[in-house]
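Topology and contacts: notes
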Amino acid sequence: MSLTFLVPAFLAGLAALAIPVLLHLTRKQTRTAIAFPSLMFIRQVPHRSTSRRTIHRWPLLLLRLLGLALLVFAFSRPFVHRDGAGFLPRATGGRELVILLDRSYSMGFGDRWQRAIDAAEEAIGGLGSSDRGTLLFFDTQAEAGSPTTMERGELLAALRGVEPGPRSTRYAPGLRYAQRILAGSPLPRREVVLISDFQRRGWDADAAEIGSIQLPPGTRVTPVSVAEGEGENLSVAGASIERMNTEGHERAAITARLVSHGEAPTGPVPVVMEVDGRPVETRQVSFSGSSASVTFDPLTLPADRPIRGRVRLAEDDLAVDNTFHFVLAADQRVGALIVEGPGTPPRASFYLERALQQGDSPGFRVETRNVARLSAADLEEFPVMIFNQTALPDGEVGRRLRARVEGGAGLISIAGDNSLGQWDGVIPSLGRTVDHSGEGGTTLGFVDLGHPVFEPFSAPRSGDFTAARVFQYRALPEGARVLARFGDGGAALTEQRVGKGRVLVWSSTMDSRWNNLALQPVFLPFVHQLVKYAAGYSPAAAWQMVGDPFDPGAMDPQAEPYTLALTPGGERLPIDGSRPLALEQPGFYELRDQRTGDRNAVVGVNVDPAEAGMESFDPKELVAAVAGEAVDPLATSDAVPLTLQERERQQSAWWYLLVIAFLILAAESVVSNRFYRGATPTRG
């Protein structure tokens, strides 16, 4: 048996015992004033000041030393270490308890969360002196609310202020975390208390992963359900956006999908659409069965900024799923500038213009201009330039064009019977004209269906390029990637990457002179795909889900990355371009570029609508899937070593020492007052 200290560094405080000794030795004598009628007949004696060399108040000094010593020992956290006592006795069988508390947003329904907190507090209150507990919160991920501890107060403190989050239910992350804790525990008994509303949706999603989780043998799983039947909940489950071009403006019609979980409403339900924080339209919607939809009047989209929209239901017992956030980006039409030259035949761009004017998803903004009138401003305005049977310009405009393409713009060059101009290594020198008109033309014998330009045609009956007859084309040299070939092996469409941009060369024409592709059904979707690919177009997502990995750089790849995100709650998050931005709150995130201060973007974020369902499952299914084999806990552990902290915590001697120290110091105060009061002379 030996005395051990948990924090031995505090023993250095014993040096403070010298302080009262020094005070006792150096305390000055008190001067006593005596009234005397006259000093003229008294001989003057010089005053001599001497230090005291002896201690006269031994009881008082001993009390002070003892009090200070006990304080030092209390802070050093002493405990008695006995041989063989550093283990939990088998008879008491300490328990390793893991409390899994579901924090998904469905736990915010009604009073579920309060009942879950009550259940967690009850589990904590059941911890014995030899038990240890860990509090884990889980939704789509698991997080430790507290470290493993024998202190109930520490576990209870971890429960304070916790609220349901915006994520969905997943059981596997929490159970896997509990598995790791229990597998590393030396205690003979192990238990998991799982507190949840046991949503079936989360159980179904985890079915495959749960099969790989097996808690240690003998682990007891105690499910605590806070769901009382299937609640009634209305939610906005999603929205669809239809864009359309009307009189030169882009408009968008919003259709919201509503879901009733439980019994359907008996009467109309008001649904409000807000734009930039202001209600713009309210519709009364009647449910047919468990779902309904509502389409609002089309909105005219501003050309220079996005708009923030919300579809909102009246609040019910679960408010977080009553609002759906979306962002309508500004005019998303893809700008395409068709450039003609002196050698371009009349009506050479007729089919091309008509095809691009038919697009809606996205629409295309098309202009045709002669190369002689081409300006640098035109190059900046359009993301795609189509040089139709004319050569690239020379001079400053030509130089700006090359720089624009290298910076991310697209260039489509249609050969025909003209030259393509000079751009070494990018625009090929055209060879001879291959003429198949005498033999009825050739066909497109190969198209790369794995390339984005032709990928939409990879499905059966999605488009037949072989129906087109090609009578003439210009031979292209080898070197660039060939995306399509004619039946005789000649290159029909090639691609070359230049910096961030793309250059595509079509070796025939896009009118009816050299082929009849423009008369085929595949012509319109082919032209759309070709221009979208050259522009690097990707539709902007109108919303994201909480927890989705989100890359802010993907919103505007050709611009400098955003540096700051402002969350719906007003928190400022720096953006690290090497990692996705964590979207943890429903609402609108605002992205900013702090370097310029004039760029921003908005992202709408919503909760997963599947979590809004109130259907639960029998937790016995989960218990049967993860519980380990039943074993006798007392037979599995001969010795359970305790840590120094746990041994000290079991004895808690510091508390008694602290109380005794204060009592002694209080007694010292009383004794000291009596000593000095008795020593003080009376005046007179």
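See above for the structure.
Attention here is on the structure that accompanies the text. (Residues numbered from 1 in each chain as written. Predicted model: local features only at pLDDT ≥ 70, side-chain atom pairs only at ≥ 80, totals over all residues. Heavy atoms only, no water.)

Counting its regular elements, the protein chain contains 15 helices and 34 strands. Contacts spanning at least 24 positions in sequence make up 74% of the contacts within the protein chain whose residues lie at least 6 apart. Surface summary for the protein chain: the accessible area is close to 34,300 Å², and the carbon and sulfur share equals 52%. (Helix = DSSP H or I, 4+ residues; strand = E, 2+ residues; numbered from the N terminus. Contact = heavy atoms within 4.5 Å. Areas by Shrake-Rupley, 256 points an atom, 1.4 Å probe, with all protein chains shown as cover.)

Before going further, it helps to spend a moment on the packing of aromatic side chains. One pass over the structure, following the stated rule, counts 17 aromatic pairs. Between F324 and W543, the aromatic rings sit 4.9 Å apart at their centres with planes inclined by 75°, giving edge-to-face as the arrangement. Here F324 is found in strand β16 (residues 323-328), whereas its partner W543 is found in the loop between α11 (523-535) and β27 (544-545), with 219 residues between them in sequence. Taking the relative accessible area as the measure of exposure, W543 reaches 23% and is therefore partly exposed. On the numbers, 5.7 Å between centres and 85° between planes, the contact of F465 with F526 is edge-to-face. In this pair, F465 sits in the loop between β22 (444-447) and β23 (472-474) while F526 sits in helix α11, placing the two residues 61 residues apart along the sequence. Like F465, the residue F526 is buried in the burial classification. Every member of this aromatic cluster is reached through a ring pair, and the members are F454, F457, F465, Y473, F486, W506 and F526. Positioned over the ring face of Y177 is R180, at 4.8 Å from the centre of the ring. (Phe/Tyr/Trp six-rings, centres within 6.5 Å; stacked < 30°, edge-to-face > 60°. Buried < 20%, exposed > 50% of the residue type's maximum accessible area, 1.4 Å probe, protein only. Lys NZ or Arg CZ within 6 Å of the ring centre and 35° of its normal.)

Here we come to unusual backbone geometry. Unusually for a residue other than glycine, R77 sits at a positive phi of about 55°. Position of R77 relative to the elements: it lies in the loop between α2 (58-75) and β2 (78-81). Phi at R461 is positive, roughly 60°, even though this residue is not glycine. Taking relative accessible area as the criterion, R461 reaches 84% and is therefore assigned exposed.

There is a patch of nonpolar side chains on the surface, built from W655, Y656, V659, I660 and L663 and spanning about 540 Å² of accessible area. Along the chain, the position of I660 falls in helix α15 (residues 653-679). (Patch = residues over 30% accessible without salt bridge, like charges linked within 9 Å, V, L, I, M, F, W, Y side chains within 5 Å. Salt bridge = Lys/Arg side-chain N within 4 Å of Asp/Glu carboxyl O.)

Let's shift gears to the sheet that holds strand β4 (residues 95-102). Strand order in the open sheet formed by five strands is β6-β5-β4-β7-β8, and the pairing between neighbours is mixed. The sheet is open, and its two edges are formed by β6 (142-144) and β8 (220-225), each paired on a single side. Strand-to-strand twist across the sheet, computed as the mean angle between neighbouring axes with direction ignored, equals 20°. Taken strand by strand, helix α4 (residues 152-159) contacts β4 and β5 (132-138), and its axis lies near 10° from that of β5. (Pairing = 2+ DSSP bridges. Axes fitted to C-alpha atoms, helices over the stretch in contact; angles between N-to-C directions.)

What follows covers the nonpolar core. I386, F454, F526 and V531 are the most contacted members of the largest nonpolar core, which totals 40 residues. With eight residues, the single largest contributor to this core is α11. Residues L234, F287, V311 and L328 belong to the second largest nonpolar core, which totals 25 residues. (Core = buried A, V, L, I, M, F, W, Y, C linked by side-chain atoms within 4.5 Å.)

Moving on, we get to the pattern of salt bridges. Counting across every chain of the model gives 28 salt bridges. Across the pair D608 and R201 runs a salt bridge whose closest N-O atoms are separated by 2.7 Å. Remark: R201 occurs in helix α6 (residues 200-205) and D608 occurs in the loop between β33 (600-606) and α12 (619-626); sequence separation between them is 407 residues. A salt bridge links R579 to D576; the nearest nitrogen and oxygen atoms lie 3.5 Å apart. For D576, a relative accessible area of 34% gives the class partly exposed.

Attention now goes to the side chain of R103. You can see R103 is positioned in the loop between β4 and α3 (112-125). The buried category is assigned to R103, whose relative accessible area is 18%. Within the structure, R103 has its side chain in polar contact with the side chain of E143 (distance 2.9 Å). Leaving out residues up to four positions away in the same chain, R103 has contacts with W113, F137, F138, D139, E143, V162, E163, P164 and G165. (Polar contact = N/O pair within 3.5 Å; in protein donor to acceptor, adjacent residues only side chain to side chain.)

The next point concerns the packing of helix α8 (residues 350-357) against α11. Contact geometry of α8 with α11 gives a least axis separation of 9 Å together with a crossing angle of 80°. Between α8 and α11, the interaxial angle falls into the category roughly perpendicular. Seen from α8, the contacting residues are Y351, L352, A355 and L356; seen from α11, they are F523, L524, V527, H528 and V531. In terms of residue class, the contact of α8 with α11 is made up of eight nonpolar, one polar and no charged. (Parallel < 35°, antiparallel > 145°, perpendicular 65-115°, else oblique. Nonpolar A, V, L, I, M, F, W, Y, C, P; charged D, E, K, R; others polar.)

Taken across its seven residues, β5 has seven buried, putting it largely inside the fold. Here β5 shows no split at all, with R132, T134, L136 and F138 on one side and G133, L135 and F137 on the other all buried. Bridge count between β4 and β5: seven bridges; the pairing is parallel. Bridge pairing links L101 to F137 in β5. Read from β4 through α3 to β5, the crossover connection turns out right-handed. When β5 meets β6, the two strands line up antiparallel, connected through three bridges. In the sheet register, L136 faces β6, and the bridge partner there is A144. Between β5 and β6, which pair antiparallel and follow one another directly, the connecting turn spans three residues. (Right-handed = clockwise from strand over helix to strand, strands pointing away.)

This next bit is on α3. Under the 1.5 Å per step criterion, the end-to-end length of α3 is 20 Å for 14 residues, consistent within 8% with the ideal 20 Å. For α3, the set of buried residues is R112, W113, A116, I117, A119, A120, A123 and I124. All buried residues of α3 fall inside an arc of 160° around its axis, so they share one side. Of the surrounding elements, those touching the buried residues of α3 are β4, α4, β7 (189-196) and β8. (Expected span 1.5 Å × (residues − 1). Arc of directions from axis to C-beta.)

Across the sheet, which stays open at both edges, the eight strands sit in the order β18-β17-β19-β20-β26-β25-β24-β22 with mixed pairing between neighbours. In this open sheet, the two edge strands, each paired with only one partner strand, are β18 (364-370) and β22. Sheet twist, expressed as the mean angle between neighbouring strand axes with direction ignored, is 15°. Note that β22 and strand β24 (residues 481-486) share three bridges and pair antiparallel. Bridged to F446 within β24 is R485. Sheet strands touched by helix α10 (residues 395-406): β19 (384-388), β20 (410-414), β25 (491-498) and β26 (501-506). Its angle to β26, the strand with the most contacts, is close to 110°. Sitting on the sheet, α11 touches β17 (334-340), β18, β19, β20, β25 and β26, and the angle it makes with β26 is about 150°.

With respect to the helices and strands, N322 occurs in the loop between β15 (307-313) and β16. When its relative accessible area of 1% is taken as the criterion, N322 is described as buried. Sequence separation of N322 and V311 is eleven residues, and the distance between their C-alpha atoms is 8.2 Å. Not counting the four nearest positions on each side in its chain, N322 is found in contact with N233, L234, S235, V236, V311, R312, L313, A314, E315 and D316.

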